[in-house]
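Examination of the molecular architecture
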Amino acid sequence: MCPAMRRHNFPVLRITAIFLLALLAAMLCLSARAKILWSDEGARVVRNTGPGEDNLGGKVKRDDKANDVLYFKFHVDPISDVSSEPYLAGFQLYQGNEAHLGVGNADEAWGYSAFNTSEIGPSNKMAGEFNLRSAHPEPAHLGLFWPYEVVHHDVERMIIFKVQYVPGGNDLVTVWLEPNLGPGATDKNQPDNISTKFKALATFDQIRLRHLNTGDAHHDAGNGWIFSDMAIATSFQDFVVVRFWQTWWFRGLVAFFLFIGVVSSVRVIEKRKYQFQLLRAEQERALEQERSRIAEDLHDELGSLLTRISLLGGLLRADKDNPEQVENHAVKIAQSADQTVRALEEIVWAVRPGSDTLSSLVDYLTHFASELFEGSVTRCRLDVPKDVPARPLPPDVRHNIFLIVKEALTNVLKHADGGVVQLQIKTGDSFLKIVIADDGKGFDPGSPLTRGQHNGLENMRRRAGAVGGRLVVSSEPGNGTRVEFQMIFAG
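Reading the values: rules and limits
- Residues numbered from 1 in each chain as written.
- Predicted model: local features only at pLDDT ≥ 70, side-chain atom pairs only at ≥ 80, totals over all residues.
- Heavy atoms only, no water.
- Core = buried A, V, L, I, M, F, W, Y, C linked by side-chain atoms within 4.5 Å.
- Buried < 20%, exposed > 50% of the residue type's maximum accessible area, 1.4 Å probe, protein only.
- Contact = heavy atoms within 4.5 Å.
- Salt bridge = Lys/Arg side-chain N within 4 Å of Asp/Glu carboxyl O.
- Helix = DSSP H or I, 4+ residues; strand = E, 2+ residues; numbered from the N terminus.
- Polar contact = N/O pair within 3.5 Å; in protein donor to acceptor, adjacent residues only side chain to side chain.
- Phe/Tyr/Trp six-rings, centres within 6.5 Å; stacked < 30°, edge-to-face > 60°.
- Lys NZ or Arg CZ within 6 Å of the ring centre and 35° of its normal.
- Pairing = 2+ DSSP bridges.

**Here we look at the nonpolar core**
Ranked by internal contacts, the top residues of the largest apolar core, which has 38 residues, are Phe72, Phe91, Leu101 and Phe161. Setting aside residues no more than four positions away along its own chain, Phe91 makes contact with Phe72, Phe74, Leu101, Gly102, Val103, Phe161, Ile207, Arg208, Leu209, Phe227 and Met230. Residues Val405, Leu409, Ala464 and Leu471 belong to the second largest nonpolar core, which totals 37 residues.

**Brief notes about the pattern of salt bridges**
Enumeration over the complete set of coordinates arrives at 10 salt bridges. The partner of Glu149 in a salt bridge is Arg157, with the nearest N and O atoms 2.7 Å apart. With relative accessibility at 2%, the residue Arg157 sits in the buried group. Taking the shortest distance from any N to any O, the salt bridge between Asp187 and Lys162 comes out at 3.9 Å. Linking Asp187 in the loop between β9 (171-177) and β10 (195-200) with Lys162 in strand β8 (residues 157-164), this pair joins segments that are 25 residues apart in sequence. Residue Asp187 is classed as buried on the basis of its relative accessible area of 13%. Where salt bridges share partners, they join Lys162, Asp187 and Lys188 into one cluster.

**Notes on the side chain of Ser113**
Among the secondary structure elements, Ser113 is positioned in strand β6 (residues 112-115). The exposure class of Ser113 is buried, given its relative accessible area of 0%. A polar side-chain atom of Ser113 sits 2.8 Å from the main-chain amide nitrogen of Ala106. Setting aside chain neighbours within four positions, we find Ser113 in contact with Val103, Gly104, Asn105, Ala106, Phe130, Asn131 and Leu132.

**A few points about the packing of aromatic side chains**
Scanning the entire structure with this criterion turns up 16 aromatic pairs. Between Tyr87 and Trp225, the ring centres sit 6.5 Å apart and the planes meet at 90°, which makes this aromatic pair edge-to-face. Of this pair, Tyr87 sits in the loop between β3 (69-78) and β4 (88-95) while Trp225 sits in strand β12 (residues 225-233); the two residues are 138 residues apart in sequence, bridging distant segments of the chain. Look at Tyr87 and you get buried, because its relative accessible area is 0%. Residue classification places Trp225 among the buried residues on the basis of a relative accessible area of 0%. One aromatic cluster is present, formed by Phe72, Phe74, Tyr87, Phe91, Tyr112, Phe161, Phe204, Trp225 and Phe227 through successive ring pairs. In this structure, Arg208 packs its charged tip against the face of Tyr94, placed 3.9 Å from the ring centre.

**What about the pairing of strand β11 (residues 206-212)?**
With seven of seven residues buried, β11 lies mostly within the body of the structure. Of the two faces of β11, the one lined by Gln206, Arg208, Arg210 and Leu212 and the one lined by Ile207, Leu209 and His211 are each fully buried. Bridge count for β4 against β11 is seven bridges, and the pairing is antiparallel. The partner of Leu88 across the bridge, within β11, is Leu212.

The following block contains the structure:
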């Protein structure tokens with residue numbers, strides 16, 4: 001390298017070194033402030049535990065002289081449903097063999113609640129039980145709601161509770177049911193409708209995970225709870241989930257390397273003949289990234305299904321002497337296996353060359369609908385054009401349209417209880433129209449929806465807006481539901 005070029009590169013190299021050293025120092029400082037005292041991210045199936053066993057191993061403890069603040073976190077996936085009520089389940093603090101504060105499902109509370117508290121909740125009848133406030137309270141009657149959320153199978157929840165220790169007295173406890181853990185979240189800006197405050201004795205040297213029936217000896221408390229992602233910290237912010245691409249240092253790196261890329265590109269792109277090749281390579285890279293994104297999304301679903309099959313297999317072995325439970329677990333395993341096969345088919349279709357066309361989308365939608373309702377009491381009628389324009393579709397557009405149709409058809413299968421569902425597709429050179437209509441029980445759009453139904457409709461509308469389309473959902477009780485998606489192609 002000539003002296004002039006070395007002199008020209010020296011400032012860039014010096015800036016690069018200073019930037020990277022400053023970034024490394026800042027990251028080390030942030031890491032040094034982490035205050036996670038104990039964590040256990042693995043999943044644990046807990047069923048019929050009795051008093052339970054210690055999971056802490058003496059790593060953290062607080063006695064009656066403590067005056068600091070601790071934050072506790074755990075994730076639950078209930079296998080026991082409301083049909084198994086009443087039962088006790090939860091994450092409980094112990095000091096020796098003395099049971100102190102527990103959070104989960106109190107024995108007589110019929111919902112997410114705390115137990116072994118020093119106060120009784122305003123809607124509770126049993127001393128020491130305190131119902132937790134929820135953003136999804138249970139509907140009681142028309143326009144009325146119970147002041148708690150019932151535990152539902154397959155509806156997962158994250159729970160965080162804070163203990164302000166008071167020496168020689170009852171400790172101050174705040175519980176958040178499904179809190180916001182996104183960037184910028186703190187214990188001060190959590191919504192009031194998920195925050196519950198009370199007093200309890202919360203000293204501990206053990207943590208036990210519990211599930212049992214404390215009432216009638218002949219009563220079945222259900223199949224248990226799955227606990228995971230447990231931790232103890234000194235700050236709420238230690239539980240906040242900040243993806244690496246949302247951090248300031250990642251954005252700084254992106255900006256920095258973009259700067260370096262611009263400087264390098266000015267040096268590299270000196271001849272016009274490379275411009276077309278670089279543009280084409282960038283387009284191929286973007287397409288590959290999109291396919292990878294779709295495949296990863298579907299892979300996550302596949303992994304969840306396989307985990308469910310594994311857990312159900314364990315329950316099947318545990319209940320091998322109970323024919324009714326064995327049959328129930330076997331049916332669920334078969335259903336999960338069918339869903340796994342469909343997920344594999346979606347992966348193959350998403351990454352297969354030649355799938356990025358309108359005709360390929362229509363063919364796959366008809367195949368998916370026919371297979372979804374095969375063996376169901378609901379008959380699927382298809383009304384699709386014979387000749388579909390061979391129009392290319394960007395991968396993200398194709399993916400979002402498929403997920404809209406999948407959500408609508410799955411809702412019919414799960415909730416409509418109808419005899420017939422019709423999938424109608426109309427298309428031309430400049431438009432695409434898809435209608436999913438059923439003759440099921442329908443619903444009142446003005447009434448409160450369950451969390452899953454609400455999220456499903458919102459996801460469909462969001463995906464329709466992302467591709468520049470329009471989604472209209474119409475329904476009324478007893479007259480079925482009609483979902484209509486329409487978009488105009490640009491160009």
